[in-house]
Amino acid sequence: MTYAEETFIVIRVSEAQNMGATEFVMDFEQTFMSFLLRHQERYNRTYNFIVLMDALMSAAKHIQYYYLTGALKGHLGFTDNVNVQGEDVMQMDEIAHEITIHYLRTTERVIHAVSEEAAEIIPLNEEGGRYFVYFDPLDGSSNVSHGLPVGFLFGAAKRNLDGPEDFHLRAGKDYIAAGMFVIPTGTFTIALKDAGAWRFHIDETMNYVKPIRMMLSEKKSDWELSFNSANRYTFAHNIREWIDKNEQRYTFRYLGALAGDFHRTLTKGGMFMYPAIVNHPNPNKNRPDGKLRLMYEASVVAFMAEEAGGHAIDEHGTSILDIVPKGHHQRTALYVGSKPLTDEIMEVLAKK
Ligand code: FDP
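Residues numbered from 1 in each chain as written. Predicted model: local features only at pLDDT ≥ 70, side-chain atom pairs only at ≥ 80, totals over all residues. Heavy atoms only, no water.

**Student:** Explain helix α6 (residues 237-246) here, please?
**Tutor:** Since one α-helical turn is 3.6 residues long, residues separated by three or four positions face the same way. Considered for burial, the residues of α6 that qualify are Asn238, Ile239, Trp242, Ile243 and Asn246. Here the buried residues of α6 occupy an arc of 140° about the axis, which is enough to place them on one side. On its buried face, α6 sits against β13 (224-226), β15 (270-274), β19 (334-337) and α9 (339-350). (Buried < 20%, exposed > 50% of the residue type's maximum accessible area, 1.4 Å probe, protein only. Helix = DSSP H or I, 4+ residues; strand = E, 2+ residues; numbered from the N terminus. Arc of directions from axis to C-beta. Contact = heavy atoms within 4.5 Å.)

What follows is the structure, given as structure tokens:
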């Protein structure tokens, strides 16, 4: 039994039978916070990480609220700003960023944060903080104006507690946790270092509840492939060949928001990929280093995939979790999902 199952609670309340009352069945599922407390207790950990997660939960709930009401209140559009990636900033990007920074600051436990929406690191508590947090507060911008699923992705690493901190950029293998909220669907998945990947669903009181351990399915008939198919002619020749030869074996799904697409990969098995763009008819549009951001996109899903028995690699076949970033907003190609598939891609890439 795991600590998740041990604290699962079911309460049945029945009204007086002689009054002919209906029996009420009330199922109280274990909340994420109770799950986390048990986790920290089991591994003799401090409560600092709970404070951090409480802040991220509060941020996610507020982002969820603003997103749900966004179409009605008119804040699903664009601002006049352009972000560090050269992309037009949406109103929701700014709202989600500000909410998250507010909550991270109040914890007093975050040294500094890296956000997709800020060119520079954001110092929060450089003296007394304990964690580094890397996040994309609203990933999947093409879905925003439609109110369709987007993601709030985060990874967290701990400062060096045994000696002086050198503030180096952390590789994914040094994260202690990584997770994603799929907004506004009310699902939250988190992977805790060496303790698995877990999925929670939001309940009627806005609590994330009912931990479900995620393991990538070994049943190949379930597997799905997810990538932007319109880009296939821009991929490396070998990758395109692999797709042409193999895609019919799998169901194809693509939402265009990493959190939503990876959510499916984690549930069904298979592979999400965003390969390097190297054969674009307009060479200026090539992206030999890939599109996705290493620290708050690729490493986050890679960390979850590995905790669920999967793997993730870049265009050189290097494990995503081994890449030490040279910059906060570094990009990478990404192949993530069931290990037999990423192994197959690794062989294809080796022949390039
Ligand atoms: P978006 O550009 O819409 O913000 O890195 C961001 C991301 O979305 C991912 O969430 C998504 O997986 C990918 O880019 C979608 O890119 P394409 O539009 O090129 O398919």
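**Student:** Just to check I follow, could you spell out the sheet that holds strand β12 (residues 208-214) for this structure?
**Tutor:** Sheet strands pair via backbone hydrogen bonds, and the direction of the pair is either parallel or antiparallel. Judged by pairing direction, the sheet is mixed, and its eight strands sit side by side in the order β6-β5-β7-β8-β9-β10-β11-β12 without closing on themselves. On the outer flanks of this sheet lie β6 (122-123) and β12, each paired with one strand and no other. Against the sheet, helix α2 (residues 32-42) engages β10 (187-192), β11 (197-202) and β12, with an angle of about 5° to β10. Along the sheet, helix α3 (residues 48-68) makes contact with β5 (110-115), β7 (131-139), β8 (150-158), β9 (175-183), β10 and β12, crossing β9 at roughly 20°. (Pairing = 2+ DSSP bridges. Axes fitted to C-alpha atoms, helices over the stretch in contact; angles between N-to-C directions.)

**Student:** Looking at this structure, how should I read the side chain of Asp93?
**Tutor:** Take Asp93: it is sitting in helix α5 (residues 91-107). As a buried residue without a salt bridge, Asp93 has its nearest oppositely charged side chain in Arg293, at a separation of 9.2 Å. Among the polar contacts made by the side chain of Asp93, one reaches the main-chain amide nitrogen of Met90 at a distance of 3.0 Å. Leave out the neighbours within four places in its chain, and Asp93 touches Asp88, Glu117, Pro137 and Leu138. (Lys, Arg positive; Asp, Glu negative; His and termini not counted. Salt bridge = Lys/Arg side-chain N within 4 Å of Asp/Glu carboxyl O. Polar contact = N/O pair within 3.5 Å; in protein donor to acceptor, adjacent residues only side chain to side chain.)

**Student:** How do you make sense of the pattern of salt bridges when you look at a structure like this?
**Tutor:** Charged atoms that come close allow side chains of opposite charge to pair. Across all of its chains, the model carries nine salt bridges by this definition. Ionic pairing is found between Arg170 and Glu165, a salt bridge with its closest N-O pair at 2.8 Å. Exposure class is identical for Arg170 and Glu165. Each is buried. Note that Lys219 is salt-bridged to Asp222, the shortest N-O span being 3.7 Å.

**Student:** So what exactly am I meant to see when it comes to unusual backbone geometry here?
**Tutor:** One can expect most non-glycine residues to show negative phi and most peptide bonds to be in trans. The linkage connecting Ile183 with the following residue, Pro184, adopts the cis geometry, with an omega of 5°. The phi dihedral of Asn44 is positive, around 55°, even though this residue is not glycine. Locating Asn44 in the fold gives a position in the loop between α2 and α3. Here Glu108, not a glycine, exhibits a phi torsion of approximately 60°, which is positive. Relative to the helices and strands, Glu108 resides in the loop between α5 and β5.

**Student:** Just checking my understanding: could you explain the packing of α3 against α5 for this structure?
**Tutor:** When two helices pack together, you describe them by how their axes are tilted relative to each other and by the distance separating the axes. Relative orientation of the contacting elements α3 and α5 amounts to 155°, with a least axis distance of 9 Å. Between α3 and α5, the interaxial angle falls into the category roughly antiparallel. Read as a crossing pair, α3 and α5 show a hand that is right-handed. Only Met92, Ile95, Ala96, Ile99, Thr100, Tyr103, Leu104 and Thr107 of α5 make contact with α3, whose side of the interface consists of Val51, Leu52, Ala55, Leu56, Ser58, Ala59, His62, Ile63, Tyr66 and Tyr67. Considered class by class, the residues forming the contact of α3 with α5 number 14 nonpolar, four polar and no charged. (Parallel < 35°, antiparallel > 145°, perpendicular 65-115°, else oblique. Left-handed = near helix turned anticlockwise from the far one by under 90°. Nonpolar A, V, L, I, M, F, W, Y, C, P; charged D, E, K, R; others polar.)

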